[in-house]
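# Notes for the structure review
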Amino acid sequence: MQIKCISVSYILCLTFVGTYGSENAPTNDFPASFKFGVATAAFQIEGGWKEDGKGPSIWDVGTHEHPNSVVDGTNADIADDSYHQIDRDIEMLRDLGVNFYRFSIAWTRIMPNGDRSSLNRFGIQYYNTLIDKLVANSIEPMVTMYHYDLPYELQKIGGLTNPLFPQYFESYANVLYSNFGDRVKLWITFNEPSDYCVPGYGAGSEPPFVNATGIGEYLCMHHSIIAHARAFHLYKRDYFKQQGGKIGIVSSSRFYFSRTNDTGIVNRALQFNLGWTMHPIFSKSGNYPEVMIRDIASNSQMEGREWSRLPEFDEFSIAYIRGAADFLGLNYYTSRYVQLGPHAETKNPSWEKDARLNCSVDPSWKRAKTPWLYNVPEGLGGLLRWIKEEYNNVEVIITENGWSDDGRLNDQGRVDSLKEHLRYVSQAIKKHGCNVIAYSHWSLMDNFEWLKGYSERFGLYYVNISSPERTRVPKKSSDVYKRIIATRKLD
Ligand code: NOJ
C-alpha cells in the first residue's frame, strides 16, 4: 500500500510540476448530470440562538464566554437571521438556479441537550419547513449533520473525546433520518473533522477550547470516524431500502507541491491531512495511513509512553469502517509547497509536530482577505487526481470551495477564483476521468466566519450585518455563477 501511494504520488507530482499552469484545454463544460450548489452552515447563518427551545452549542458558549477570541468581537446570536428568513434564502437559491443546497442542521435545535430526552418539535418543524420549500422549488437538500456546533451539554461530558460520543451521534442521526429522510437523499455526517479536532481538542484555540495537544485531536478524530460509520450502517440497515439516499463525510484538504520533486513528502502531507479522515473509510486497509500509525507510535515511544497517542482501531472496527460511505466530500480552498520539517519535540506533542510539514507559498499566488487562503486552482486538479488513484476513483462531491474579501459587490477576485477552480474540475472529469459528480460553492451569502467574525466575507450575496433585516444583495459573482449553472459552460 505504502509503495503504491508513493509511486502514485510520484507520477502525479511529476506530471503536475511539469505542467504547472498549462492545462488550458478547451474542455471547459460539465456533463448534464453534474450538479451545482451552494453551501452554508447552521451556526454561521441561522441566528435565533436560543429561540423555540434551542439549546446552547459549544460555539454559542465559546463566543459568549470568550468574546475577545473573535477578531471583531461579534457573535452569531443573530448572524444572517436565516432562522426567520427562509423565504429570502430560497429566493436567492432560485435566482442562482442551483441544483442543490448544502446546509447543516443544528443538533441543538433538534435535541437541545444532545440526547432524545430533549427532543424539540420546534426544531424539527423549522427544518421541515426549509426542506419542504426547497423541494417545492426543485432544489435538492444536501444535509450536513454536524458542522462544528456540538451541544454544550455533550461537551460537559467530554464532547468528541467521550467514547460514548458515537452512540449519541447515532441516536441524533436516527432522528434526522426518520424525520427528514423521506425528502433528504444526500447526507453528510461530519464537516471537516480535522478542522474541529485540532483547534478544538488539540491546540485549544477554538471552542470547546480543550488543550490536550497531541492526544485530544486524535481521540476526537477517532470518535468522529466511528460515529460516522455508525450513522452510515444505521441508515443502510433501517432506512436505505425505503429512502434510497447516500451518505458521505467531508474533509478539507490542501494539495501539496514539492520544489524538489520529493514525492514522499507530498504523499506524507496528503496522508496527514486528507488521509487522516479518509484513509480508514476509503482505503483497502480500513485504518489510518501507515505513515501516521508508524510515526505517531514511534514519537509516543520516544516520549516514554506505553501506547501510541493515535488510538487503534480493533479488527471489528476496521471491518466496520472500511467502505462505510457512498461518496467523499471535499472542501478545497488552497495549496502549499511542502518539505520535511524537523523531528517532533518530545514536549507538548501535537498533530502538527507529528506531521513534520514545513509549508510555504509561492510568491505569485494571489492572497484572499483570509491570510491562509491563496488562489491555487491547479491544486484542486492535483487533489482530485490523487483521490482518484488513492481511493479507487470513489465518487466525489466538492462540498466547498470559495474566496474571501471585504464584502465588495464587484467581487472580481471571487469571480476569477470560481471560474479557475471550475476549469480544473471540468478537466479532472473530462480529461482525467475523475468521478466528481457535484460542486458546491462556499458560500451562498456572507456569514459568521468563526473566530474571524464578519471580517472575512465568502458570500455570493453580500449581507448587511448592521441592518436589522440582514439585507442580502447579489454580488457580481452570483451573476457569473448563475450563468455557469444555466449554460454549464465557463465562458
Ligand atoms: C470550511 C468550513 O466548513 C466553513 O464553515 C468555513 O466558513 C469555510 N471553510 C471558510 O473558512
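Below is a short write-up of the structure. (Residues numbered from 1 in each chain as written. Predicted model: local features only at pLDDT ≥ 70, side-chain atom pairs only at ≥ 80, totals over all residues. Heavy atoms only, no water.)

## Side note on the state of the cysteines
Where we set the bar: Note on terminology: pairs of cysteine sulfur atoms within 2.5 Å are recorded as disulfides. Runs of E in the DSSP output that reach at least two residues are strands. Runs of H or I that reach at least four are helices, and both are numbered from the N terminus. Only protein chains enter the accessibility calculation, which uses a 1.4 Å probe. A residue is then buried if its area is under 20% of the maximum for its type, exposed if over 50%, and partly exposed in between.
Applying the stated criterion to the full structure yields one disulfide. Residue pairing for Cys197: its cysteine sulfur links by disulfide to Cys220, the two sulfurs lying 2.1 Å apart. Torsion about the S-S bond of the Cys197 and Cys220 cystine: about -70°, corresponding to left-handed handedness. Pair noted here: Cys197 is in helix H9 (residues 193-202) and Cys220 is in helix H10 (residues 216-238), with a separation of 23 residues, a long-range link. Among the residues examined, Cys197 registers a relative accessible area of 0% and is labelled buried. Cys220 sits in the buried class, given a relative accessible area of 0%.

## Digging into the packing of aromatic side chains
Any pair of aromatic rings gets described here by the distance separating the centres and the angle formed by the planes. Quick note on the threshold: Working definition: rings of Phe, Tyr and Trp (its six-membered ring) pair if their centres are within 6.5 Å, and the pair is stacked with planes under 30 degrees apart, edge-to-face with planes over 60 apart, and tilted otherwise.
For the structure on display, the rule yields 43 aromatic pairs. Geometrically, the ring pair formed by Phe257 and Trp365 is tilted, given 6.2 Å between the ring centres and 55° between the ring planes. With a gap of 108 residues between them, Phe257 in strand E6 (residues 255-257) and Trp365 in the loop between strand E9 (357-360) and helix H16 (377-390) connect regions that are remote in the sequence.

## Brief notes about the site of the ligand
Defined as follows: We call a residue near a molecule or strand whenever a single non-hydrogen atom of that residue lies within 4 Å of it. Two N or O atoms count as a polar contact when they lie within 3.5 Å, although within protein this holds only if one can serve as hydrogen donor and the other as acceptor, and sequence-adjacent residues are included solely when both atoms are side-chain atoms. Working definition of accessibility: Shrake-Rupley area with a 1.4 Å probe, residue cover restricted to the visible protein chains.
Contacts to the ligand come from 13 residues, most closely from Gln44, Asn191, Glu400, Glu449 and Trp450. Gln44 is positioned such that a nitrogen or oxygen atom in its side chain is 2.7 Å from an oxygen atom of the ligand. Contact between the ligand and Tyr333: a nitrogen atom at 3.5 Å from a side-chain N or O atom of the residue. Protein contacts shield 96% of the accessible area of the ligand, which totals 300 Å² for the unbound molecule.

## Digging into H16
Side chains three or four residues apart in an α-helix point the same way, a direct result of the helix having 3.6 residues per turn. Spelled out, the test is: Working rule for helices: expected span equals 1.5 Å times residues minus one.
Between its terminal C-alpha atoms H16 stretches 20 Å, which fits the 20 Å expected from 14 residues at 1.5 Å a residue. Most of H16 is tucked away, with twelve of its 14 residues classed as buried. Every buried residue of H16 is listed here: Pro377, Glu378, Gly379, Leu380, Gly381, Gly382, Leu383, Leu384, Arg385, Trp386, Ile387 and Glu390. Positive backbone phi, approximately 55°, marks Asn392, located one or two places after H16.

## Focus on unusual backbone geometry
Here the residue pair Pro207 and Pro208 is connected by a cis peptide bond, since its omega of 10° sits within 30 degrees of zero. Along the chain, Pro208 falls in the loop between H9 and H10. One non-glycine residue, Asp52, lies in positive phi territory at about 50°. Checked against the element boundaries, Asp52 lands in the loop between helix H2 (42-45) and helix H3 (58-65). A relative accessible area of 40% places Asp52 in the partly exposed class. One non-glycine residue with positive phi stands out, namely Trp450, at about 50°. Of note, Trp450 is situated in the loop between strand E11 (436-442) and strand E12 (461-463). Here Trp450 falls in the buried class, since its relative accessible area comes to 9%.

## So, the packing of helix H6 (residues 121-136) against helix H8 (residues 165-180)
Selection criterion: Angles here are taken between N-to-C directions and fall from 0 to 180 degrees, while the axes themselves are lines fitted to C-alpha atoms, restricted in helices to the stretch in contact. An angle counts as roughly parallel when it lies under 35 degrees, as roughly antiparallel when it exceeds 145, as roughly perpendicular when it falls between 65 and 115, and as oblique in every other case. Each crossing gets its handedness from the near helix: less than a right angle anticlockwise from the far helix is left-handed, clockwise is right-handed. A contact between two residues is defined here by any heavy atoms of the two lying within 4.5 Å. Charged means Asp, Glu, Lys or Arg here, nonpolar means Ala, Val, Leu, Ile, Met, Phe, Trp, Tyr, Cys or Pro, and polar covers whatever is left, Gly included.
Two elements in contact, H6 and H8, have axes separated by 11 Å at closest approach and are oriented at 45°. By the criterion of interaxial angle, the relationship of H6 to H8 is oblique. Along this stretch, H6 crosses H8, giving a crossing that reads as right-handed. Contacts between H6 and H8 involve Ile124, Tyr127, Asn128 and Ile131 on the former and, on the latter, Val175, Asn179 and Phe180. For the contact of H6 with H8, a count of residues per class yields five nonpolar, two polar and no charged.

## Section: the sheet that holds E9
Note the cut-off: For two strands to be treated as a pair, DSSP must find no fewer than two bridges joining them.
Spatially, the three strands line up as an open sheet ordered E6-E8-E9, and their pairing is mixed. Each having just a single partner strand, E6 and E9 make up the two edges of the open sheet. When strand polarity is set aside, the average angle formed by the axes of neighbouring strands in this sheet is 50°. Against the sheet, H16 engages E6 and strand E8 (335-340), with an angle of about 105° to E6.

Read these as geometric descriptors, not functional statements.
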